[in-house]
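# Tertiary structure, described
Residues per chain, in single letters:
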Amino acid sequence: MKIAFVVDDTLDKPDGVQQYVLSLGDWFRAQGHDVHYVAGSSKRGDVPNIHSLSRNINVTFNGNRLTIPLSASTKAIRGLLDREAFDVIHVQMPYSPVLAHRVIMNSGNSGNSGSGVDRPVPAVFGTFHIAPYNRTVAAGAWLLGWSLRRSLRRFSAVYAVSAAAQGFAARAFRLRDVPVLPNVVDVQKFNAAKPLRQYNDKLPTIMFLGRLVPRKGCATLLAAADELRRTYNARFRVVVCGKGPLEAELKALTQRLGLQDTVEFTGYVSERDKPRYVASADIMAFPSSGGESFGIVLIEAMAAGRPVVLAGDNEGYRSVMQPRPELLFDPKDSSGLA
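Only a predicted model underlies this, so the values are computations on that prediction, with no experimental measurement involved.

### Quick notes on the overall build of the protein chain
Check the secondary structure of the protein chain and you find 14 helices and 14 strands. For the protein chain, the C-alpha radius of gyration of 21 Å lies close to 20 Å, the compact-globule estimate for 338 residues. Principal-axis analysis of the C-alpha atoms gives the protein chain an extent of 75 × 40 × 35 Å. Across the protein chain, contacts joining residues at least 24 apart in sequence account for 70% of those joining residues at least 6 apart. For the protein chain, the accessible area works out to roughly 15800 Å², and carbon and sulfur atoms hold 51% of it. Of note, the protein chain has its 41 positive side-chain charges centred 4 Å away from the centre of its 30 negative side-chain charges.

So, in structure tokens, the structure goes:
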């Protein structure tokens, strides 16, 4: 089959949706299928068959920094659909009326697309990825779902990556009976990962991995580290892996708490290097306060086999950690985490 994964965001970032489509695409390609990516503005050259069809702008949405399409040419979309004649179009949801909606609405035969080219009608599938961080996001998604009602009729089936995403799909897009298919994660590269040499000593390593944005809760971890040191006289290191708008603020907090000899900021960690960082940890702490639909990082940390995985008690993480509720903690309670 010829399969097109449609992502409104750029593919240049290693966020959860991008990891999902690239992992799934790699698997389908290994089975002999022809995999393509229809995406927002993307420049990476290490992934084949990326069709970048829009100009994107940076926005803050659901506690994340992401990009959304500002404009996409209907002519270019029709040209791609005529040229490639996809058998399956797999849309990441929720989606934009500017790019994914136009791909869906122009994916019919010549009578529907207006291209004058006779081509088969592809099956359209969707995967719903997000859970709302606050009421504003929930209200905005409801309005978005209402505006996309025409293209929603084209879907053969829609899935959700978790119960949290499933509930949001029902509330925001009025999609009922959406089955849950958990996120795909390439666990093998974490199974085989070896610890980094610089952390190969007896000093316990507590690691944070994620974007440095408020909802990911890195400040909670730093406050817990301060309490561990002062109250329990513990010796350890904290490794903060990631970038984001709070980086300078978190480094300043580290200085104020006197943790500069305890906390290391690595900056951005590539997908290639990430398994070795995870394998170097004794404890992986993810103090996210909400907006998580699943928690790929939790599965990756478990797959490494070495670290204890501590997760903030939010709806998405709770679904992954369900068999081990004692490893959940209140993401706003630094003392409890300590």
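### Comments concerning the sheet that holds strand 10 (residues 237-241)
Whenever strands of a sheet pair, they do so through backbone hydrogen bonds, lying parallel or antiparallel. Taken together, 6 strands build an open sheet; the order of strands is 11-10-9-12-13-14 and the sheet is parallel. Of all strands in the sheet, those with a lone pairing partner are strand 11 (263-267) and strand 14 (328-329), marking the two edges.

### Quick notes on the sheet that holds strand 2 (residues 34-39)
Here we have 6 strands laid out as an open sheet, ordered 3-2-1-6-7-8, and parallel in their pairing. Looking at the sheet topology across the chains shown, the edges are occupied by strand 3 (50-52) and strand 8 (155-160). Sheet twist, expressed as the average angle between the axes of neighbouring strands with direction ignored, equals 20°. Here strand 6 (residues 88-93) runs beside strand 7 (residues 123-128); their pairing, made up of 6 bridges, is parallel. Counted as the bridge partner of M93 is F128 from strand 7. Seen against the sheet, helix 7 (residues 163-173) touches strand 6, strand 7 and strand 8 and runs at an angle of roughly 115° to strand 7.

### Remarks on the pattern of salt bridges
Tallied over the entire structure, the rule returns 20 salt bridges. Among the ionic pairs, E84 bridges to K2, the shortest N-O distance being 2.8 Å. Highlighted residues: E84 in helix 2 (residues 74-84) and K2 in strand 1 (residues 2-7), separated in sequence by 82 residues. By the burial criterion, E84 is buried, and K2 matches it. One continuous salt-bridge network, built from bridges that share partners, spans K2, D34, R83 and E84.

### Points about a positive patch on the surface
On the surface, a cluster of positive charge is made up of R149, R150, R153, R174 and R176. The residue R149 is located in helix 6 (residues 149-152) in this model.

### Quick notes on the environment of A39
Counting through the fold element by element, A39 comes out in strand 2. Residues A39 and F5, spaced 34 residues apart in sequence, show a C-alpha to C-alpha distance of 8.1 Å. The residues touching A39, leaving out its near neighbours within four places in the chain, are V7, D9, L11, H51, S52, L53, S54 and L99.

### Regarding the nonpolar core
If you look at the biggest cluster of nonpolar residues, it comprises 83 residues, and the most contacted ones within it are V91, M93 and Y95. Leave out the neighbours within four places in its chain, and V91 touches V6, A100, I104, V124, F125, G126, T127 and F155. Counting 13 residues, the second largest nonpolar core, distinct from the first, contains I3, L22, V35 and V88.

### Focus: helix 9 (residues 218-232)
A rise of 1.5 Å per residue sets the reference length of helix 9, with its 15 residues, at 21 Å; its end C-alpha atoms lie 20 Å apart and thus fit the reference within 8%. Among the residues of helix 9, those classed as buried are C218, T220, L221, L222, A224, A225, D226, E227 and L228. Where helix 9 is buried, its residues touch strand 9 (205-209), strand 10, helix 10 (247-256), strand 11, strand 12 (283-286) and helix 14 (334-337). Positive backbone phi, approximately 55°, marks N233, located one or two places after helix 9.

### Topic: the layout of surface pockets
What the second largest pocket holds in volume is close to 470 Å³. As for the second largest pocket, its lining consists of 24 residues, and the residues nearest its centre are Q19, L22, R44, K189 and E271. At the level of elements, helix 1 (16-30), helix 8 (188-191) and helix 12 (296-304) are the ones that each hand at least two residues to the lining of the second largest pocket. For the lining of the second largest pocket, the per-class residue count stands at 11 nonpolar, 3 polar and 10 charged.

### Digging into the packing of helix 9 against helix 10
Two numbers describe how helix 9 lies on helix 10: the axes approach to 11 Å, and their chain directions differ by 10°. Relative to helix 10, the element helix 9 is oriented roughly parallel. Facing helix 9, whose interface residues are C218, A219 and L222, helix 10 presents L250, L253 and T254. Residues belonging to the contact of helix 9 with helix 10 are distributed by class as follows: 5 nonpolar, 1 polar and no charged.

### Points about empty space enclosed by the protein
The tally for this structure, following the rule as stated, stands at 1 cavity of 30 Å³ or more. Lining the largest cavity are L81, A85, F86, I89, S107, R119, P120 and P122. Class assignment for the residues of the lining of the largest cavity results in 6 nonpolar, 1 polar and 1 charged.

### Side note on the packing of aromatic side chains
This structure, assessed with the given rule, holds 8 aromatic pairs. Ring geometry for Y95 against F155: centres 6.0 Å apart, planes inclined by 40°, an arrangement best described as tilted. Here Y95 is found in the loop between strand 6 and helix 3 (100-105), whereas its partner F155 is found in strand 8, with 60 residues between them in sequence. Each of the two residues, Y95 as well as F155, counts as buried.

Criteria and thresholds
Residues numbered from 1 in each chain as written. Predicted model: local features only at pLDDT ≥ 70, side-chain atom pairs only at ≥ 80, totals over all residues. Heavy atoms only, no water. Helix = DSSP H or I, 4+ residues; strand = E, 2+ residues; numbered from the N terminus. Rg over C-alpha atoms; globule rule 2.2 N^0.38 Å. Contact = heavy atoms within 4.5 Å. Areas by Shrake-Rupley, 256 points an atom, 1.4 Å probe, with all protein chains shown as cover. Lys, Arg positive; Asp, Glu negative; His and termini not counted. Charge placed at Lys NZ, Arg CZ, Asp CG, Glu CD. Pairing = 2+ DSSP bridges. Axes fitted to C-alpha atoms, helices over the stretch in contact; angles between N-to-C directions. Salt bridge = Lys/Arg side-chain N within 4 Å of Asp/Glu carboxyl O. Buried < 20%, exposed > 50% of the residue type's maximum accessible area, 1.4 Å probe, protein only. Patch = residues over 30% accessible without salt bridge, like charges linked within 9 Å, V, L, I, M, F, W, Y side chains within 5 Å. Core = buried A, V, L, I, M, F, W, Y, C linked by side-chain atoms within 4.5 Å. Expected span 1.5 Å × (residues − 1). 1 Å grid on protein atoms, 1.4 Å probe; cavity = no way out; pocket = protein on both sides within 12 Å on 5 of 7 lines; lining within 4 Å. Points joined across faces, edges and corners; volume = space filled by probe spheres on them. Nonpolar A, V, L, I, M, F, W, Y, C, P; charged D, E, K, R; others polar. Parallel < 35°, antiparallel > 145°, perpendicular 65-115°, else oblique. Phe/Tyr/Trp six-rings, centres within 6.5 Å; stacked < 30°, edge-to-face > 60°.

Any functional reading would require information that these geometric values do not contain.
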